[in-house]
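Analysis of the macromolecular model
Okay, here's what each chain looks like letter by letter:
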Amino acid sequence: MPLPKPPAKRADFLSRADFESQAAHRPARRAGRAEPAGEPVTPALLELSNEGTLPAAPPVAAKERAAAPAPPQVAVARPERHRKPRGNGPATLFVLDTNVLMHDPTSLFRFDEHDVYLPMITLEELDGHKRGMTEVARNARQVSRDLDALAANMPTRDAAGRSEGIALNRTGHREAGGKLFFQTDLIHVSLPQGLPAGKADNQILGVVKALVEQQPHRDVVLVSKDINMRIKARALGLPAEDYFNDKTLDDGDLLYTGTLQLPADFWDKHAKTVESWQQGGLTYYRIGGDIVGSLLINQFVYLEAPGAPSLYAKVIEITGKTAVLRTLKDYTHQKNSIWGVMARNRDQNFAFNLLMDPECDFITLTGTAGSGKTLMSLASGLAQVMDDRRYTEIIVTRVTVPVGEDIGFLPGTEEEKMSPWMGALDDNLEVLSKTDSGAGEWGRAATNDLVRSKIKIKSLNFMRGRTFLNKFVIIDEAQNLTPKQMKTLITRAGPGTKIVCLGNLAQIDTPYLTEGSSGLTYAVDRFKGWAHSGHVTLARGERSRLADFASEVL
């Protein structure tokens, strides 16, 4: 469409025809009447109103106004503040169970364009769980504050206002496009005789059943983290789903592994275009091609093919369509052992290259039982604290989630209370103390005392508000952390601090946590590609042949 002619003089106005020609988003409309040559052009006025109409026409004579056809009424498209519904039908109504709110306090705002319904018994249960200093109590208080902020913005306080619902994006959560509804009327519904009417779960089921009967034109779905609750709902013919928005990944097999195997014909395709040089005893390769699009910073690449030279390298730079690879230090050799510990396989060599890299501030190691995560982290920490003096001390912490029945309160100080949970630390220290065979019994005892003086055991309960300066922090059993707890721990890092998170996603003991919603999975997915972080998945166990076989068949 051609642009209108530029104004011939200052403060000139566009004619009505030129003005309407620029309204491309409106349907075709009739051009305005040409003004008489002797009359000055009157500017078009834009009226601000709720009705989408065309701009007001310039004043014309009464006879001309009567003869001219009325301009078509065209609705003006306005930008939406939230995402439009995917379908043409009404939005789904999700009835939230209490455990969903206590598991994820932001779940109210994570249902996109759909509506959320809260039974009154849910608010009663939230009130009963808000006292205390546990994670559940903190989540309940946060949900109560969000509900209070939403309820304070209700447009009206009569019955009509309550039935219209509260827009969930009123408090700044623009991703929430639905509305919040509270149960305001007493619902009488007939449940099977075997379900006690006074139980909270059964009251929520009654609310869902009544909503399904009252609103047949829309889908009503119960959302609960309680498996038995969902089973009872489906047995009654009511739709029920688990809460999935807390999951970082739907499938644990999609988790970033930190390594990439190069194709067997890598050298044949890139031999003529690759650029290589040596610096500091390491070889650098600058490569290009389609494979660069699948690489991330600090990702390890390897090539093991018969008849071709092996390559073990790390991606250190990605610029446009080229990437720079740097060969690794070989920690499988005795001369490069760290406190007598050598890497026994390829993945352990990758892990040692990350742990000993001063530019990597955050490292995550996952793998099966016996893959050497704790031993390598502890050996690397001792080497950088005792030998290199890069860090002042090692801080070890873990989640205190028991596998079986709790043994009750433990006496002593913070470290003495944590010592039963740190059996893995003692086992690995015993292995490291035996590596120095030439020091004798007294020498090993003195070394053991010195090592223990450089290791501090801390509890997660007292991490809020702390700042670690020049510390080597090891977070063991990190798969039992929630994403919020993981964020709390990582943000404790001060200048010069390295944090190492260890865990096995197949051994999650925290209730309601899965491989997809674990804080360790959350951290691995969010930190991949950052220049100062790295991740390695250790696929092979090295503890013993018995432990390896048990991990596979049990």
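About the thresholds
- Residues numbered from 1 in each chain as written.
- Predicted model: local features only at pLDDT ≥ 70, side-chain atom pairs only at ≥ 80, totals over all residues.
- Heavy atoms only, no water.
- Helix = DSSP H or I, 4+ residues; strand = E, 2+ residues; numbered from the N terminus.
- Buried < 20%, exposed > 50% of the residue type's maximum accessible area, 1.4 Å probe, protein only.
- Contact = heavy atoms within 4.5 Å.
- Areas by Shrake-Rupley, 256 points an atom, 1.4 Å probe, with all protein chains shown as cover.
- Salt bridge = Lys/Arg side-chain N within 4 Å of Asp/Glu carboxyl O.
- Polar contact = N/O pair within 3.5 Å; in protein donor to acceptor, adjacent residues only side chain to side chain.
- Pairing = 2+ DSSP bridges.
- 1 Å grid on protein atoms, 1.4 Å probe; cavity = no way out; pocket = protein on both sides within 12 Å on 5 of 7 lines; lining within 4 Å.
- Points joined across faces, edges and corners; volume = space filled by probe spheres on them.
- Nonpolar A, V, L, I, M, F, W, Y, C, P; charged D, E, K, R; others polar.
- Phe/Tyr/Trp six-rings, centres within 6.5 Å; stacked < 30°, edge-to-face > 60°.
- Lys NZ or Arg CZ within 6 Å of the ring centre and 35° of its normal.

**Points about the overall build of the chain**
When its secondary structure is counted, the chain shows 17 helices and 18 strands. Relative to its full complement of 554 residues, the chain shows a buried share of 41%. Here the contacts in the chain between residues at least 6 apart in sequence split such that 66% fall between residues at least 24 apart. Accessible surface computed for the chain: about 31,300 Å², of which carbon and sulfur atoms make up 53%.

**Quick look at the environment of Met 386**
Turning to its location among the elements, Met 386 is positioned in helix α11 (residues 373–387). Taking the C-alpha atoms as reference, Met 386 lies 9.2 Å from Leu 450; in sequence the two are 64 residues apart. Each residue touching Met 386, except ones within four places of it in the same chain, is listed here: Trp 339, Leu 450 and Lys 454.

**Regarding the pattern of salt bridges**
Side-chain pairs of opposite charge can arise whenever the charged atoms involved come near each other. Tallied over the full model, the rule gives 14 salt bridges. One salt bridge connects Arg 390 with Asp 388, and the closest N-O pair in it is separated by 3.8 Å. We classify Asp 388 as partly exposed; its relative accessible area is 42%. The salt bridge partner of Lys 456 is Glu 393, with a shortest N-O separation of 3.4 Å. Taken together, the positions of Lys 456 in strand β15 (residues 455–457) and Glu 393 in strand β14 (residues 393–398) put the pair 63 residues apart, joining distant regions of the chain. Note on Lys 456: relative accessible area 24%, which makes it partly exposed. One connected set of salt bridges, linked through shared partners, spans Lys 225, Arg 230 and Asp 242.

**Things to note about the side chain of Asn 480**
Relative to the helices and strands, Asn 480 is located in the loop between β16 (471–476) and α15 (483–490). On the basis of relative accessibility, which here comes to 2%, the residue Asn 480 falls in the buried class. Engagement of the side chain of Asn 480 in a polar contact is seen with the backbone nitrogen of Asp 509, the distance being 2.7 Å.

**Some points on the sheet that holds strand β5 (residues 220–223)**
Reading across from one edge, β3-β4-β2-β1-β5-β6 is the order of the 6 strands in this open sheet, with mixed pairing throughout. With one partner strand each, in any of the chains shown, β3 (166–167) and β6 (240–241) form the two edges of the open sheet. When strand β1 (residues 93–96) meets strand β2 (residues 115–118), the two strands line up parallel, connected through 3 bridges. Its bridge partner being in β2, Val 95 is matched across the sheet by Tyr 117.

**Let's talk about empty space enclosed by the protein**
Enumeration according to the criterion identifies 4 cavities of 30 Å³ or more in this entry. What the largest cavity holds in volume is close to 80 Å³. What lines the largest cavity is a set of 14 residues, and nearest its centre among them are Phe 527, Lys 528, Ser 533, Gly 534 and His 535. Contributing elements (two or more residues each) for the lining of the largest cavity: β13 (362–367), α16 (519–527) and β18 (533–538). Residue composition of the lining of the largest cavity, by class: 7 nonpolar, 6 polar and 1 charged.

**Quick look at the pairing of strand β11 (residues 311–319)**
Relative to β11, strand β10 (residues 300–303) is paired through 4 bridges, and the arrangement is antiparallel. Within β11, the residue paired with Val 301 across the bridge is Ala 313. Strand direction decides the pairing type here: β11 and strand β12 (residues 322–327), joined by 6 bridges, are antiparallel. Note that in β12 the partner of Ala 313 across the bridge is Thr 327. Counting the residues that bridge the hairpin from β11 to β12 gives 2 residues, and of these Gly 320 lies at a positive phi of roughly 65°.

**Some points on the packing of aromatic side chains**
This model, assessed by the stated rule, comprises 12 aromatic pairs. Aromatic side chains Phe 94 and Phe 111 sit 4.9 Å apart centroid to centroid with 35° between the ring planes, which places their arrangement in the tilted category. One end of the pair, Phe 94, is in strand β1; the other, Phe 111, is in the loop between α3 (98–103) and β2, with 17 residues separating them in the sequence. Among the residues examined, Phe 94 registers a relative accessible area of 10% and is labelled buried. The class of Phe 111 is buried, set by a relative accessible area of 9%. Look at Trp 267 and Tyr 285: their rings are 5.7 Å apart centre to centre, the planes differ by 65°, and that puts the pair in the edge-to-face class. Taken as a pair, Trp 267 in helix α9 (residues 266–270) and Tyr 285 in strand β9 (residues 282–288) lie far apart in primary sequence, 18 residues in all. Between Arg 346 and the ring centre of Tyr 302, over which it is positioned, the NZ or CZ distance is 4.0 Å.

**Considering unusual backbone geometry**
Positive phi outside glycine occurs at Asn 470, with the angle close to 55°. Tracing the sequence through the fold places Asn 470 in the loop between β15 and β16. The partly exposed category is assigned to Asn 470, whose relative accessible area is 34%. With a phi close to 55°, Glu 477 is a non-glycine residue in the positive phi region. Within the element layout of this structure, Glu 477 appears in the loop between β16 and α15.

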